[in-house]
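Geometric and topological summary
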Amino acid sequence: MTRYTSATERDREQMLAAIGAGSVGALFEDIPAGVRLDRPLDLPAGMPEAAVYERMAALAARNASAEDEITFLGAGMYDHYVPAIVDSIIQRSEFLTPYTPYQPEISQGTLQSMFEFQTAMSELTGLPVASAGLYEMPSSVASAGYLAKGATGRDRFLVSRALHPHAREALATYAAGFGAEVEEIPLADGATDLAALESALDERVAAVFLQQPNFFGTVEDLAALAPAAKRTGALLIVAVDAPTLGVLRPPGEFGTDVVLGEGQPLGNRLDFGGPSFGFFTAREEHIRRMPGRIAGETTDVDGRRGFVLTLQTREQHIRREKATSNICTSQQLNALAGVIYLSWLGRRGFVELGELMAQRTAYARERLAALDGVSLLHEQPVVREFALRLDAPVGAVLRRCAEQGVNAGYALGRDYPEFADGLLVAITERRSRGHIDRLADVLGAAVAAERTAAGVPA
Amino acid sequence: MQTEPVVTIFERSVEGRRAAQLPELDVPARPLDELIPGAMLRAEAPRLPEVSEPEIVRHYNRISRRNFDLDTGFYPLGSCTMKHNPKLNERVAALPGHARLHPLTPPERVQGALEVMWLLQRALAEICGLPHVSLQPSAGAHGELAGLLLTRAYHADRGESRHKVLTPDTAHGTNPATVTMAGYEVVKVASDARGGIDVDDLRAKADDDVACLMLTNPNTLGLFDERIEEIAEIVHGTGATLYYDGANLNAVMGISRPGDMGFDIVHVNLHKSFSQPHGGGGPGAGPIAVSDRIEPFLPRPQVVRREGSNGGAPLFDLDHDRPRSIGRMRGFQGNFGVFVRSLAYILSLGGDGLREASETAVLNANYLLARMREGRAGKYLPVAFDRTCKHEFVLSGSRAKKELGVKTLDIAKRLLDHGYHPPTVYFPLLVDEALMVEPTETEARETLDAFAAAIEEILAEAEQDPEVARNAPYTTPVRRLDEVGATKRPVVRQPL
């Protein structure tokens, strides 16, 4: 008997008698001999709880996490502080252990938190309708592509090269299935090239995809890009880094059709990349094509206020092959963490967070760019992330910094061969001036050491 | 459960309150419009709630009590495998070495995380009987989409273009929805009198324009398709792939493996068979296991184990260099936190324990089915296909509807008053007034007996007065809700 089952030998005998079967094996007799496994699974024997804990703890100890080093890694996921109330609330069994709220009478807690989540996301992005959570940002971009193809009947996507590489790739993966071409709009000095966008547009373009701030941290000039992108009737889809919306004008105010983004920075752990959530907000006209669950407010037979899953005729369990998406998760627990976090920050805290990051980022950018062998990759405005060029091999510099307990950022070379010398540095409220000064010291020394090793005169 | 009037967190907002205290500005302050052009600055703060920490805690704790949950009561929701979620798994997932690990940390400094993924890949490969695994898909439906994109890439690589995907009429809704998203056309295959695939219908429809057959085995009726070998032969004979929807894997772990049944691609729901909590609707994960011929097309990056040089320790790495890959399905490496929990579960049970879990799941289902054959349940809720079931079974409420005047929906709603989560209702579609019951292995016999007694009581009550069930529930935080009105006039956010 495993520790997670309750059937004793005596239970088994009595249950088999009630069934009228001679043995448990008899319950599997309809499985043809040719497809039955005639040996035990080749897996280690089960372990007591304490032994499993020790094994998993030993594995965890072999990772260099943000607990162990001062990290400036970002590129889509960020080391923000997750307040204790998030852990406390999302670990409540009432939120942790139910399934999707298909029985609304006994799922009001989940449905209400979904409705609150949708309200919060709509406030951040400046668009009127929001769905409950999707998987994460890159696949949300791909889902937006599917929406755009359905809404416009067109099959060409223009994608800024400054959209997160994972999002560009996920969009291309999905588009190979549902049928659309993906074409990149190049960069000009760290921003999406407006002239290139204008010349690539035609009547076949279903959607233009931008990111705000973009992958290099640049605040894109949506005031110029948005009207240009919409000139031929394409939808404009913008991925945003949510915490920057405390200072940045919401993309929804620029006529954007869909604003979506990664939920991890909103009260979710790094978790080595997941689970987190994607958020998805849109103009009213797209509501019946939105992917994912949507909670709506209604009343019960006694006139009491309540919430239900609504517009379900978009969804797979009702519409089957005519559904607007196949998704049937809402990353509910992660989205709940998101709305708790936003309530914790509150109206003023959310703005203060954005401002604090902008100030510290400006300080860090200036401080690092002043180092020998370090220069700015672009001089565009930024909020919480910026790109540098190093006059030394980036991988080797990063290893030297790591030895000093500093994770200096993300090497751009794999995703952008044209920036093989590029380093992306991210700031959160957890990175103090002291941390930034330490990064400057360590990075400066590492670059200098690599240059000395390569024979560059000091 | 909590029945007080609803107030949202936004309605609790009082200007001037706050919970977060951010660090002081410790660098020289500069005017914001010097850093960011004025036209790009936000004019008005988003109207997020202004609430203190105690208010937030009380708000969410109170609304949480308006939920029914698995830790509190029986949740026999068919096809969802609502098994116990071990608490140890939450503890190990929260270790900072996992929880605070950035996904872009270089591989040499995330060896523990990559080993977790590699160990889980190897375990799933063994359980599925297929050699290669990608953990990347985020959910079952995401795994399905990956599977069809792999199928497309496989055929394209052979210079073939196929347009149709076969799904049985018992399939989960995600199957046909995925087919359309992957750019294929759905062709339905009928079921036979025993609840399996109608092999003649399959043979008639399996032509060389078919890319794939998507199947669940045991299927959504909880029945093992005894003709699976013949089905696999027909499908492979046309050059199509055979896709296994792993929603029902909990019935056959260590007993029968999809790979041995002839499947090419399998998705596994880690939130079903491998105990990840459902979270009120996610997160889960939908890793895929595939055969050799599909392997070159798996999503990138793949976790690989490279042997150490000169007898040194092996090095785990992320392999991005996969030129024939379909590409990424999502960001980063997948739902790692889910992988940690599922690996802890597999280590806890071991191979024998997994087999025992499946055996007990099937024992529990057949025992509850036996109880459902007795008394009023046997009279009004006959089993749709009268065979030995696997981990779940499907009853038909058509007689209850005709003879008692209570629909399956009414029985489900009355179960809420008895403190149970109802079974899945109105699915699968081919059973009239369906009730799909999946008890799972973690329920004790007394719980199954008590559930059977509740069904008996509800039916006895309906014989006397069907109005009671028709108007149920009565004891829940809210009663039946106006879903039609919610759709006609959607209110999907709070007006502020």
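Predicted, not measured: the structure shown is a model, and the values here were computed from it.

Quick look at the overall build of chain A
On a plain count of helices and strands, chain A comes out with 13 helices and 17 strands. Projected onto its principal axes, the C-alpha positions of chain A cover 85 × 55 × 50 Å. In chain A, which comprises 458 residues, the proportion classed as buried is 62%. Sequence separation of 24 or more characterises 73% of the internal contacts of chain A that already satisfy a separation of 6 or more.

Structural notes on the interface of chain B and chain A
Between chain B and chain A, the residue contacts involve 175 residues of the former and 171 residues of the latter. Per-class residue counts for the side of chain B that touches chain A are 92 nonpolar, 47 polar and 36 charged.

Side note on the pairing of strand E7 (residues 205–212) of chain A
Side chains on a regular strand alternate between the two faces of the sheet. Residues and elements named next belong to chain A. Across the 8 residues that make up E7, a large majority, 8, are buried. Bridge analysis of strand E3 (residues 156–160) against E7 gives 4 bridges, and the strand direction is parallel. Note that in E7 the partner of Arg156 across the bridge is Val205. Sheet analysis places E7 next to strand E8 (residues 235–240), joined by 6 bridges and oriented parallel. Residue pairing for E8: Gln212 is matched across the bridge by Val240. Each parallel crossover has a hand, and the one from E7 via helix H9 (residues 222–229) to E8 is right-handed.

Points about the sheet that holds strand E1 (residues 132–134) of chain B
Residues and elements named next belong to chain B. On the basis of which strands lie adjacent, the open sheet formed by 7 strands has the order E1-E7-E6-E5-E4-E2-E3 and mixed pairing. A strand with exactly one partner marks an edge of an open sheet, and here the two such strands are E1 and strand E3 (185–189). For this sheet the average axis-to-axis angle between neighbouring strands, irrespective of direction, equals 25 degrees. Here strand E6 (residues 265–267) pairs with strand E7 (residues 288–290) via 3 bridges, running antiparallel. Paired with Val266 across the bridge in E7 is Ala289. The sheet contacts of helix H6 (residues 140–157) involve strand E2 (164–168), strand E4 (210–215), strand E5 (241–245), E6 and E7, and relative to E6 the element is tilted by about 165 degrees.

Rules used throughout
Residues numbered from 1 in each chain as written. Chains lettered and ligands numbered in written order. Predicted model: local features only at pLDDT ≥ 70, side-chain atom pairs only at ≥ 80, totals over all residues. Helix = DSSP H or I, 4+ residues; strand = E, 2+ residues; numbered from the N terminus. Buried ≥ 20, exposed ≤ 12 C-beta atoms within 10 Å, placed from the backbone. Contact = placed C-beta atoms within 7 Å. Nonpolar A, V, L, I, M, F, W, Y, C, P; charged D, E, K, R; others polar. Pairing = 2+ DSSP bridges. Right-handed = clockwise from strand over helix to strand, strands pointing away. Axes fitted to C-alpha atoms, helices over the stretch in contact; angles between N-to-C directions.

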